[in-house]
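Secondary and tertiary structure notes
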Amino acid sequence: MTSAIMGQGTPVTEEEFFALGETSKRIELFDGSLFVTPAPTPQHQHTSSELAFALRTAARNAGLYVHEAVNVRLQPGRIPIPDVAVTEKINFKELVIDAEAVQLICEIVSPSNASADKVLKMHYYAAAGIPWYLLIEQESATLHLYELRGNHYVERSVTRPGEVLHLEEPLTADLVPEDLLPPD
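Described below are features of the structure shown in this document. Only a predicted model underlies this, so the values are computations on that prediction, with no experimental measurement involved.

Reading across from one edge, S4-S7-S9-S10-S11-S12 is the order of the 6 strands in this open sheet, with mixed pairing throughout. At either margin of the open sheet sits one strand with a lone partner, and together these are strand S4 (65-68) and strand S12 (152-159). For this sheet the average axis-to-axis angle between neighbouring strands, irrespective of direction, equals 20°. Pairing analysis gives 4 bridges linking S4 to strand S7 (residues 84-87), with the strands arranged antiparallel. Bridged to Glu68 within S7 is Val84. Seen against the sheet, helix H2 (residues 42-61) touches S4, S7, strand S9 (102-109) and strand S10 (132-137) and runs at an angle of roughly 170° to S4. Packing of helix H3 (residues 114-127) onto the sheet brings it into contact with S9, S10, strand S11 (142-149) and S12, and relative to S9 it is tilted by some 170°.

Right, here's the structure in full:
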């Protein structure tokens, strides 16, 4: 379950957010509010890890980089932690990656925060101009690929178990839904 926490009755600034330092919790900043989510399930983390692995070689071949659970600044005061982000070259020592460097952003839907991934984050990622959004539904093992058109995403493909998602942009890779999920 995701919860919003307000800081002392006033909005939290980026400086206060970064002053929290590294934590074991996933804490995101959205327009002055901190959103705290418990640690993901092993299934979620397995899927994230397998996705990053499946994209890594293709990303390198395209001159891109794959990152798991990093701070991405969409705009000042709006910093989510996507499950996987594929970026252009960045400064690896910086605490945050600016949205301009992100070519593909991926979220793995958990039952407790489905609306955040399907509505809130999708809207924020589109507003930040991130060209591609991949949404993975764990329950149905379905991959939804969205492409930015104007200021919103348009669903480009839906890939279910038994099918293959053939990515052509921003990198060339094939993703098989059942290869991303742990065995039953």
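What follows concerns the environment of Pro111. The topology assignment puts Pro111 in the loop between S9 and H3. C-alpha of Pro111 to C-alpha of Ala101: the two residues are 10 residues apart in sequence and 29 Å apart in space.

Now for the side chain of Ser48. Here Ser48 lies in helix H2. Apart from residues no more than four positions distant in its own chain, Ser48 is found in contact with Glu68, Asp83, Val84 and Ile108.

Moving on, we come to the pairing of S7. Alternating positions in S7 separate into two faces, Val84 and Val86 on one and Ala85 and Thr87 on the other, with burial throughout. Bridging between S7 and S9 involves 4 bridges; their strand directions are antiparallel. Note on S9: the bridge partner recorded for Ala85 is Ile105.

Conventions used here
- Counting of residues starts from 1 at the beginning of each chain's written sequence and follows it residue by residue.
- In keeping with the predicted nature of the model, local features appear solely for residues at pLDDT of at least 70, side-chain atom pairs appear and are counted solely at 80 or more, and the whole-chain, interface and lining totals rest on all residues.
- Values reported for side chains reflect all heavy atoms of the structure, with hydrogen atoms and water molecules removed beforehand.
- Two strands qualify as a pair provided that DSSP identifies no fewer than 2 bridges between them.
- Labels follow the DSSP assignment, with helices taken as runs of H or I lasting at least four residues and strands as runs of E lasting at least two, numbered in each case from the N terminus.
- Every angle, taken between N-to-C directions, lies between 0 and 180 degrees, and every axis is a line fitted to C-alpha atoms, over only the stretch in contact when it is a helix.
- Note on contacts: a residue pair is in contact if any heavy atoms of the two residues lie within 4.5 Å.
- Here's how the labels work: a residue is buried when its accessible area is under 20% of the maximum for its type, exposed when over 50%, partly exposed in between, all with a 1.4 Å probe on protein chains only.

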